[in-house]
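Reading the structure
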Amino acid sequence: MKIWQEKEICKKYQGKYPVITLSLKSAKQPTFELAYQMIVEQIASEFKRHRYLLKSDVLLEDEKERYQALMTRKGSQAEMTMALKFLSDCLKEIQFI
């Protein structure tokens, strides 16, 4: 929270970059399967929040298909494992347009 003390830095960068928001609070579940399902829901929600990426020219067709699968919770467990990195890479690309 110390960063908030640096008012000028905060003003300069606040709202300029897309943010991925993920809370692991919902993962506190009685079983691993349910915890995994709740994390998948959170990930899908973040992909939906940034769905404007699908309308951009940043993603290739196969990346759009992968994005859609993750957004609709149809990605494999391996794809879900790498989902946040993939979303981060997609968001980074849009910054360079």
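Whatever comes next refers back to the structure up there.
In what follows, the accompanying structure is described. (Residues numbered from 1 in each chain as written. Predicted model: local features only at pLDDT ≥ 70, side-chain atom pairs only at ≥ 80, totals over all residues. Heavy atoms only, no water.)

A few words now on the pattern of salt bridges. Inspection of every chain in the model, using the stated rule, returns three salt bridges. For Glu41, the salt bridge is made with Arg73, and the minimal N-O distance between the two is 3.0 Å. With Glu41 in helix α2 (residues 32-49) and Arg73 in the loop between α3 (61-71) and α4 (77-81), this pair connects stretches of sequence that are 32 residues apart. Residue classification places Glu41 among the partly exposed residues on the basis of a relative accessible area of 35%. Notably, a salt bridge pairs Lys85 with Asp89, separated by 2.9 Å at the nearest N-O pair. Here Lys85 and its partner Asp89 are both found in helix α5 (residues 83-95), four residues apart, which amounts to about one turn of the helix. According to the relative accessible area criterion, Lys85 is partly exposed, its value standing at 45%. Taking the relative accessible area as the measure of exposure, Asp89 reaches 32% and is therefore partly exposed. (Salt bridge = Lys/Arg side-chain N within 4 Å of Asp/Glu carboxyl O. Helix = DSSP H or I, 4+ residues; strand = E, 2+ residues; numbered from the N terminus. Buried < 20%, exposed > 50% of the residue type's maximum accessible area, 1.4 Å probe, protein only.)

Turning to its location among the elements, Ser26 is positioned in the loop between α1 (7-13) and α2. Given a relative accessible area of 18%, Ser26 falls into the buried group.

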